[in-house]
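Below, each chain spelled out in residue letters.
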Amino acid sequence: MPEKFQAVVIGGGPGGYVCAIRLAQLGFKTACIESRGSLGGTCLNIGCIPSKSLLNLSEEFHKAKNLSSKGIEIGNIKLNLSKMMKNKDKAVTILTKGVEFLLKKNKVSYFKGFGSFKTKNDISIKDKDGKESLIHADKVIIATGSEPVALPNVEFDETIIISSTGALNLDQVPKKMVVVGGGYIGLEMGSVWSRLGSEVHVVEYLDYITPGMDKEISNEFMKILKKQGITFHMQHKVENIKKNGSKAIVSTIDKSGNKKNFDCDVVLISVGRKPNTRGLNLEKIGVELDERKRIKTNKNFQTNLSNVYAIGDVIAGPMLAHKAEDEGIAVAENIAGQSGHVNYDTIPGVIYTTPEVASIGKTEEQLKEQNIKYKIGKFSFMANSRAKAIDDAEGFVKILADEKTDKVLGAHLIGPHAGELIAEIGVAMEFGASSEDIARTCHAHPTFSEAVKEAALSVDKRAIHS
Ligand code: FAD
Ligand code: NAD
């Protein structure tokens with residue numbers, strides 16, 4: 001007889017493992033199935049964590065090379081890429097093992113293998129040797145995540161034509177790298193390899209980078225990245241990519257119809273990710289997908305089958321680890337009869353470049369489109385004493401507040417530690433705060449967070465330091 005579980009989660013990424021832990025906390029006999037051989041999903045294994053490790057190490061390398069101008073002489077700075085990669089791998093191993101420990105601690109049964117539906121309650125698990133076992137589930141939560149989108153007729157070989165996974169594992173610094181797509185992955189991984197010495201060219205379909213972000217921030221971001229040495233080819237569409245020996249040729253066409261070829265050592269394709277439902281047998285049990293092949297769910301994360309739920313990258317919404325985690329908690333609480341909820345208006349987005357870019361709530365463009373009257377408060381890090389003291393003063397904070405009520409509607413930051421500073425605004429927005437609430441909150445001096453306070457003051461045109 002197959003072992004019986006009250007809840008089975010398919011996928012051990014930030015959505016799946018967090019959901020499994022919450023279900024176990026709520027008293028359900030829970031299992032989590034993961035095929036990768038290690039927990040933590042895309043995020044811990046080939047996403048957030050290794051990319052942040054390389055972003056940090058490459059930034060340290062870049063900074064070390066410039067220390068002499070600040071009065072610190074440390075001699076010849078050399079890159080040891082394989083050691084850098086080992087450091088990154090160590091961070092991944094520690095964290096994925098940590099998740100395994102957390103599952104054990106919470107008495108979640110961890111099955112290493114590929115999960116698929118036999119029926120809506122019976123899940124087959126195939127291990128890496130092809131051995132199949134069966135478990136029974138009252139409730140099933142699908143958290144199988146996403147995978148990179150390729151371009152038509154182009155295949156990833158992960159050495160010359162690479163996805164983000166290859167970009168996290170190159171064994172030498174490419175002399176020239178073409179990045180297709182100026183979004184999260186292209187700009188983070190482009191920054192890493194640019195700092196390590198590559199000549200980086202970003203080919204972007206649109207006339208701006210980071211679609212969906214506030215345009216003023218996106219323009220400033222591009223200006224700063226250009227200064228750092230990244231070249232942008234905007235409104236260029238990639239028509240074809242061909243390998244030529246150890247090189248690639250990227251053929252593009254711009255908006256005026258001009259064709260251009262880029263020779264490079266490596267081409268990173270970062271044009272988005274797609275939901276991963278492969279092999280789950282969803283057609284067999286009749287789970288409905290939407291027009292973009294994402295699993296269709298209601299506001300309780302329930303699919304059209306009452307015992308089957310889905311969360312994270314495999315459903316609609318931003319493909320972000322914290323969104324997947326929050327959905328994991330919300331669905332577990334809903335299954336337990338509680339009122340799990342995710343506020344999609346306050347999900348922050350952060351790009352971990354230098355400077356960092358962070359965004360929450362409505363952009364100016366969205367407010368205009370929705371005919372919402374707003375006030376803007378802005379404050380430059382150039383006028384922030386901490387930023388000036390450490391010579392890290394690029395960027396600004398922008399707060400958007402309702403013209404009548406002063407309620408904070410959105411905030412967009414580019415600058416030092418923007419990814420941390422955005423949390424304050426998230427809390428403020430969750431509590432329905434006004435910009436005046438932020439402005440009247442005492443912020444420690446000298447901190448970067450004073451720029452947030454000053455931007456809030458500036459909503460009412462009463463910033464002190466500008
Ligand atoms: P995943 O993390 O994709 O996990 C799904 C898991 O399910 C995988 O481990 C997969 O092996 C497993 N699986 C799939 N099918 C089956 C099956 N049939 N049986 C068993 N197991 C299965 N987001 C951020 O918020 N911040 C960042 O800094 C960030 N950086 C990123 C950097 C990169 C390079 C990439 C690629 C992504 C990044 N993301 C980041 C996005 C983030 O990784 C995803 O949004 C997040 O991992 C989604 O979580 P998930 O649990 O839905 O899916
Ligand atoms: P993205 O959606 O962020 O950016 C894709 C870019 O490619 C867009 O600017 C788009 O206009 C462009 N594009 C699309 N087709 C193109 C083409 N044919 N030619 C040229 N440009 C083209 O996608 P991504 O960078 O692949 O990242 C995928 C997702 O992973 C992100 O949306 C994000 O949700 C997640 N992620 C998050 C983080 C983070 O939170 N820091 C980091 C990495 C990835």
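Residues numbered from 1 in each chain as written. Chains lettered and ligands numbered in written order. Predicted model: local features only at pLDDT ≥ 70, side-chain atom pairs only at ≥ 80, totals over all residues. Heavy atoms only, no water.

For the rest of this paragraph, the subject is the pairing of strand S9 (residues 176–180). Two faces make up the sheet, and in a regular strand the side chains alternate between them. Across the five residues of S9, four count as buried, placing the element largely inside the fold. Here S9 pairs with strand S10 (residues 199–203) via five bridges, running parallel. Each residue of the ladder has a partner; that of Met 177, found in S10, is Val 200. Here S9 pairs with strand S15 (residues 266–269) via four bridges, running parallel. When the sheet's bridge partners are listed, Met 177 is paired in S15 with Val 266. (Buried < 20%, exposed > 50% of the residue type's maximum accessible area, 1.4 Å probe, protein only. Helix = DSSP H or I, 4+ residues; strand = E, 2+ residues; numbered from the N terminus. Pairing = 2+ DSSP bridges.)

What the rule picks out here adds up to one disulfide. Between the sulfur atoms of Cys 43 and its disulfide mate Cys 48 the distance is 2.5 Å. Taking the sign of the torsion about the S-S bond as the criterion, the disulfide between Cys 43 and Cys 48, at about -130 degrees, is left-handed. Among the residues examined, Cys 43 registers a relative accessible area of 10% and is labelled buried. Take Cys 48: its relative accessible area is 26%, and that puts it in the partly exposed class. Residue Cys 19 stays outside any disulfide, its sulfur separated by 8.6 Å from that of Cys 32, the closest cysteine. What makes Cys 19 buried here is its relative accessible area of 0%. (Disulfide = S-S within 2.5 Å.)

A separate point is the side chain of Thr 447. By the element assignment, Thr 447 lies in the loop between helix H13 (435–439) and helix H14 (449–459). Separated by 2.6 Å, the side chain of Thr 447 and the backbone oxygen of Ala 444 make a polar contact. Leave out the neighbours within four places in its chain, and Thr 447 touches Asn 384 and Arg 386. (Polar contact = N/O pair within 3.5 Å; in protein donor to acceptor, adjacent residues only side chain to side chain. Contact = heavy atoms within 4.5 Å.)

To continue, consider the site of ligand 1. Around ligand 1, the structure places 39 residues, and the nearest of them are Glu 34, Thr 42, Lys 52, Gly 115 and Ala 321. Measuring from an oxygen atom of ligand 1, one finds a backbone N or O atom of Leu 320 at 3.2 Å. In the complex, the protein chains occlude 94% of the 990 Å² of accessible area that ligand 1 would expose alone. Going through the elements one at a time, helix H1 (14–25), strand S2 (30–34), helix H2 (41–46), helix H3 (48–65), strand S4 (114–117) and helix H9 (321–335) are the ones with two or more residues in the shell around ligand 1. With four residues, the single largest contributor to the shell around ligand 1 is H2. Here the shell around ligand 1 is built from residues that sort into 15 nonpolar, 19 polar and five charged. (Near = heavy atom within 4 Å. Areas by Shrake-Rupley, 256 points an atom, 1.4 Å probe, with all protein chains shown as cover. Nonpolar A, V, L, I, M, F, W, Y, C, P; charged D, E, K, R; others polar.)

Counting residues in hydrophobic clusters, the biggest one holds 53 residues, and the most contacted among them are Leu 23, Phe 117, Ile 135, Ile 141 and Ile 142. The greatest single-element share of this core, amounting to seven residues, is contributed by H1. Those residues in contact with Leu 23 that lie beyond four places of it in its chain are Ala 7, Val 9, Phe 28, Thr 30, Ile 141, Ala 332 and Ile 335. Residues Leu 55, Met 177, Val 179 and Met 189 belong to the second largest nonpolar core, which totals 35 residues. (Core = buried A, V, L, I, M, F, W, Y, C linked by side-chain atoms within 4.5 Å.)

In this section: the site of ligand 2. Lining the immediate surroundings of ligand 2 are 24 residues, of which Ile 185, Glu 188, Glu 204, Met 319 and Val 350 lie closest. Measuring from a nitrogen atom of ligand 2, one finds a side-chain N or O atom of Glu 188 at 2.8 Å. Taking Gly 272, its main chain carries an N or O atom lying 2.9 Å from an oxygen atom of ligand 2. Relative to its unbound accessible surface of 840 Å², ligand 2 loses 80% to contact with the protein. At four residues, the largest contribution of residues to the shell around ligand 2 is made by helix H6 (residues 184–195). The residue makeup of the shell around ligand 2, split by class, is 13 nonpolar, seven polar and four charged.

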